[in-house]
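# Descriptive analysis of the structure
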There are 2 protein chains.
Amino acid sequence: MNDRRPTLHDVAAEAGVSIKTVSRVVNGSEQVSPDLRLHVQDVVDRLNYVPNTLARSLKAGTGDTIGVVIDTIADPFFAALTSAVESTALESGLNVVFGSTGYVPERERSQIERMAMQQVRGLVLAPVLGNHEYLARFRGSFPIVLVDRSFEIDGYDTVVVDDRGATRDAIGHLLARGHRRIAFVGRDERFPTTSDRLDGYHDALHAAGIPVDPLLAPRGQAEEDAAERAVHDLLGTDDGPTAIFSANPRASLGVVHALHELRRTDVALVSFGDFPLARTLEPAVTCVDQDPHRIGAVATTQLLRRLGFDEGRDRIGPAERVVVPAALIARGSGEIEVPR
Amino acid sequence: MNDRRPTLHDVAAEAGVSIKTVSRVVNGSEQVSPDLRLHVQDVVDRLNYVPNTLARSLKAGTGDTIGVVIDTIADPFFAALTSAVESTALESGLNVVFGSTGYVPERERSQIERMAMQQVRGLVLAPVLGNHEYLARFRGSFPIVLVDRSFEIDGYDTVVVDDRGATRDAIGHLLARGHRRIAFVGRDERFPTTSDRLDGYHDALHAAGIPVDPLLAPRGQAEEDAAERAVHDLLGTDDGPTAIFSANPRASLGVVHALHELRRTDVALVSFGDFPLARTLEPAVTCVDQDPHRIGAVATTQLLRRLGFDEGRDRIGPAERVVVPAALIARGSGEIEVPR
DNA sequence: GGGGGGCTGGACAACGTTGTCATCTGTGGT
DNA sequence: ACCACAGATGACAACGTTGTCCAGCCCCCC
């Protein structure tokens, strides 16, 4: 546990050559004669020499990692996103450090500061709602791509889902089945995404000339248990909804549970975000599939372009905003007609 | 994007002091007079100086990150585990790099090699089945804690669930309800965990004097779709099982789906590993809860001890093996009595 | 046989930081 | 008025690596 790792010096001394020669062998430079190369390689293997990336990066002036800052890796959405970031980054030989914010602005900031200290090459960030002017300090040092949440400050590359449009379509899907009283569950002012989805909900109702009933879109239940209670409340009234739109997959779990408890298979449901077993439930749950894997892959590709990995492309240029499509997966629950 | 980040030199020049003084201010050394400290701090803030961890670590001879190497971060089990590693590591000021193996031995090895190059302080590893002698090279440089999978080579700290014992108990639970034909689904020779669980299954059957029917434990279906097909096959026979034990949560999703399709609410089910909506299904699914969060937390704590963070504790000592308890959560599906 | 050119190998500096040690200033004791 | 001393500040080396530059060496050609 306490052995010092061998360095170029150790290998050089053992092989009887200079450190530069060892460096050349390790880096596959052509400037070394074959037999010497073989000899050095032999010593490298024997001593289990592993290059020190820290020193390398210090010399190079830039690290070999990219950072991912998200709410929590325990959320399947961010896990899938991060997984995609990793595979994409790995293709270019970059490692991934991640940090979670817990959706707390101060933690976001301190995590990003840690990343900066680590000399990350670039950053993929799912921003917490709040003031992000401090980010400007860092963007001079490394590119930042925002994901999932559109962001009040312009000038950053962004990869998002068309929350508003996709929700509008989803609500339209329900309206087409005759629903007029559609609840919006999973609303949480803290998340710009659910706010955008609420906007889409309003869009669709307005377009159909249906007045908005605030009681159908209660506040503050992005999480499973709160959503569950909300559904109990909504369906406990005489004038309850005939359809529910759940604004995020965590909330959907609660919604499904409540509907099940209440034995209400007559209530239509569309979930924003897919979840395990959605296809298994009775009725199977119709979802807007937001494809976190794709978001992560696209964001990382954009980051790599800014880093100049994609040769020939501009590494500087105006910020781009990519909108990843979100498909409606009709499984049954969203196709329930309104009772006559 | 291309501004050079300010260094101690820049700050020193701007403040008209030596780099050492700036270093002292940044590191909160007491050896600086108050007014000078204030002045320097001012310049630090103005220039947005951020210390370079790479250089710091190079000087210190050891990095400030710990590595996590797992199958894939997209698996909820590993996501939860990694999340726990992060929170625990963060308390000691350590960052987390992760790498996924895809359960491919070569990728495991190359990921660990990357980690070594990055001078990770320590490693949490969910090992892929295979020869791990190469690990010995690295353990000289940093401590390694194995998680989830017991491992053929001794000498490493390990944090696992008592797969065999927990499964034995789970099968006992079913036997107590009168079941005699219990299927084992989700078996996969590649995973030592499911092999151990199979052993536990055999243990319980032997203890009850029930002959093992190989047809009830078919091979090769750790994944959702394969498990689904296996259940269809098992229940398609005259002499099918009256209870199913599903050896991992991914398989459980397939099992649940198949049972649902077949409308077999009479078949008892216990799942190794909890999953979302398990409590919602009808009947709700009885699970062995393996608590990945706890595994990650315990593993990281052990790692920190080896690193000497937990002052006063031995940082060297014999390898320890921690067995995290797995509780049976009775929800209904596991309590279905055998039909008379 | 001597000089030039191409190739191989090495010495040295630098990346940004911190540890070691030296220097400098001011204070108090005698 | 001098010395000792403590506290503040700075010069320098070193961590492990790579880029730059230079010194050999061999071979070939004149």
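Since we're looking at a predicted model, the values are computed, not measured. (Residues numbered from 1 in each chain as written. Chains lettered and ligands numbered in written order. Predicted model: local features only at pLDDT ≥ 70, side-chain atom pairs only at ≥ 80, totals over all residues. Heavy atoms only, no water.)

So, on to the relation of the copies chain B and chain A. Between the two copies, chain B and chain A, the superposition gives an RMSD of 0.0 Å; the rotation angle is 180° and the shift along the axis is 0.0 Å. The two molecules are tied by a two-fold rotation axis, judged by turn and shift. Using C-alpha coordinates, one finds that chain B approaches the rotation axis most closely at V97 of chain B, a distance of 2.1 Å. Comparing interface residues between copies, 100% of those in chain B also sit at the interface in chain A, which points to an isologous, same-surface contact. (Least-squares fit on C-alpha atoms with pLDDT ≥ 70 in both. Contact = heavy atoms within 4.5 Å.)

On to the protein's contact with DNA strand D. Around DNA strand D, the structure places 25 residues, and the nearest of them are L8, K20, S23 and Y49 of chain A together with T21 of chain B. For DNA strand D, the backbone makes up 63% of the atoms found within 4 Å of the protein, where backbone means sugar plus phosphate. Residue N27 of chain A places a side-chain N or O atom 3.0 Å away from a phosphate oxygen belonging to DNA strand D. Measuring from a phosphate oxygen of DNA strand D, one finds a backbone N or O atom of S18 of chain B at 3.0 Å. Per-class residue counts for the surface near DNA strand D are 9 nonpolar, 9 polar and 7 charged. (Near = heavy atom within 4 Å. Polar contact = N/O pair within 3.5 Å; in protein donor to acceptor, adjacent residues only side chain to side chain. Nonpolar A, V, L, I, M, F, W, Y, C, P; charged D, E, K, R; others polar.)

Glancing now at the pairing of strand β8 (residues 268-272) of chain A. Residues and elements named next belong to chain A. Of all 5 residues making up β8, 5 are buried, and the element is well covered by its neighbours. The sheet contact formed by strand β7 (residues 243-246) and β8 spans 4 bridges and is parallel. The residue bridging F245 from the neighbouring strand is V270, located in β8. Handedness of the crossover is the feature at issue here: the chain leaves β7, passes through helix α11 (residues 249-262), returns alongside β8, and the resulting connection is right-handed. Here β8 pairs with strand β9 (residues 286-289) via 3 bridges, running parallel. Bridge assignment links F272 to a residue of β9, and that residue is V288. (Buried < 20%, exposed > 50% of the residue type's maximum accessible area, 1.4 Å probe, protein only. Helix = DSSP H or I, 4+ residues; strand = E, 2+ residues; numbered from the N terminus. Pairing = 2+ DSSP bridges. Right-handed = clockwise from strand over helix to strand, strands pointing away.)

Right, let's get into the pattern of salt bridges. Residue and element names in this part refer to chain A. Counting across every chain of the model gives 42 salt bridges over all chains. Linking D203 and R168 is a salt bridge whose minimum nitrogen-to-oxygen distance equals 3.1 Å. In this pair, D203 is assigned in helix α9 (residues 192-207) and R168 in helix α8 (residues 163-176), connecting sequence segments 35 residues apart. Using a relative accessible area of 18% as the deciding quantity, one classes D203 as buried. One salt bridge in this structure joins R331 and D274, with 3.0 Å as the shortest N-O distance. Placement of R331 in the segment after β11 (327-329) and of D274 in the loop between β8 and β9 is noted, with a sequence separation of 57 residues between them. Overall, the relative accessible area of 25% leaves R331 in the partly exposed class. One connected set of salt bridges, linked through shared partners, spans R164, R168, D199 and D203. (Salt bridge = Lys/Arg side-chain N within 4 Å of Asp/Glu carboxyl O.)

Moving on, we get to the domain arrangement of chain A. Residues and elements named next belong to chain A. Entries for chain A in the domain assignment read domain 1 (8-51), domain 2 (63-162 + 292-324) and domain 3 (163-290 + 327-335). Listed by partner, the interface residues are 12 residues for domain 2 and 13 residues for domain 3. Buried area between domain 2 and domain 3, both sides added, is near 1,100 Å², and the carbon and sulfur share of it is 51%. It is Y103, V161 and D162 that lose the most area in domain 2 upon contact with domain 3, and together they represent 44% of the buried surface on that side. A salt bridge links R250 to D75; its shortest N-O distance comes to 2.9 Å. The interface formed by domain 2 and domain 3 contains 6 residue pairs in polar contact (both at pLDDT 80 or more). Looking at the side of domain 2 that touches domain 3, its residues break down into 6 nonpolar, 1 polar and 5 charged. (Domains from an automatic or database assignment. Buried area = accessible area lost by both parts, 1.4 Å probe.)

Mapping S83 of chain B onto the fold places it in helix α5 (residues 76-91). Overall, the relative accessible area of 10% leaves S83 of chain B in the buried class. Excluding residues that lie within four positions of it along the chain, S83 of chain B makes contacts with T72, I73 and A74 of chain A.

The next point concerns the sheet that holds strand β8 (residues 268-272) of chain B. Residue and element names in this part refer to chain B. Sheet architecture is open: 5 strands sit in the order β6-β7-β8-β9-β11, paired in mixed fashion. Bordering the open sheet on either side are β6 (182-185) and β11 (327-329), each of which pairs with just one other strand. Averaged over all pairs of adjacent strands, the angle between their axes in this sheet comes to 20°, without regard to strand direction. Sitting on the sheet, helix α8 (residues 163-176) is in contact with β6, β7 (243-246), β8, β9 (286-289) and β11, with an inclination near 170° to β8. Each of β6, β7 and β8 touches helix α11 (residues 249-262); the most contacted strand, β8, lies at about 160° to it. (Axes fitted to C-alpha atoms, helices over the stretch in contact; angles between N-to-C directions.)

This part is about the interface of chain B and chain A. When the parts of a complex come together, some accessible area is lost, and that lost area is often used as the size of the interface. Contacts between the two partners involve 62 residues from chain B, matched on the other side by 62 residues from chain A. When the two sides are added together, the surface that chain B and chain A hide from each other amounts to roughly 5,700 Å², 57% of it contributed by carbon and sulfur. Connecting chain B to chain A are 6 salt bridges. Residues E282 of chain B and R263 of chain A are paired through a salt bridge, measuring 3.5 Å at the closest nitrogen-oxygen approach. Run the count over chain B and chain A and you get 32 residue pairs in polar contact (both at pLDDT 80 or more). Of all the secondary-structure elements, those providing two or more residues to the side of chain B that touches chain A are α4 (53-60), α5, β2 (95-100), α6 (105-117), α7 (135-139), α10 (224-235) and α11 of chain B.

Here the focus is the packing of aromatic side chains. A ring pair, where both rings are aromatic, is described by two values, the distance of the centres and the angle of the planes. Residue and element names in this part refer to chain A. Considering all chains together, one arrives at 15 aromatic pairs over all chains under this definition. Ring plane angle 25° and centroid distance 6.2 Å describe the contact between F138 and F142, whose orientation is recorded as stacked. Both residues of the pair, F138 and F142, count as buried. Three or more aromatic residues joined by ring pairs form one cluster here, namely F184, Y201, F245 and F272. For R139, the ring lying beneath its charged end belongs to Y156, and the centroid distance is 4.1 Å. (Phe/Tyr/Trp six-rings, centres within 6.5 Å; stacked < 30°, edge-to-face > 60°. Lys NZ or Arg CZ within 6 Å of the ring centre and 35° of its normal.)

Another point: the sheet that holds strand β3 (residues 122-125) of chain A. The strand order across the open sheet formed by 12 strands is β10(A)-β5(A)-β4(A)-β3(A)-β1(A)-β2(A)-β2(B)-β1(B)-β3(B)-β4(B)-β5(B)-β10(B), and the pairing between neighbours is mixed. Since the sheet does not close on itself, it has two edges, and those belong to β10 (321-324) of chain A together with β10 (321-324) of chain B, each with one partner. Strand-to-strand twist of the sheet, defined as the mean angle between neighbouring strand axes without regard to direction, takes the value 20°. Bridge count between strand β1 (residues 65-70) of chain B and strand β3 (residues 122-125) of chain B: 4 bridges; the pairing is parallel. In the sheet register, I66 of chain B faces β3 of chain B, and the bridge partner there is G122 of chain B.

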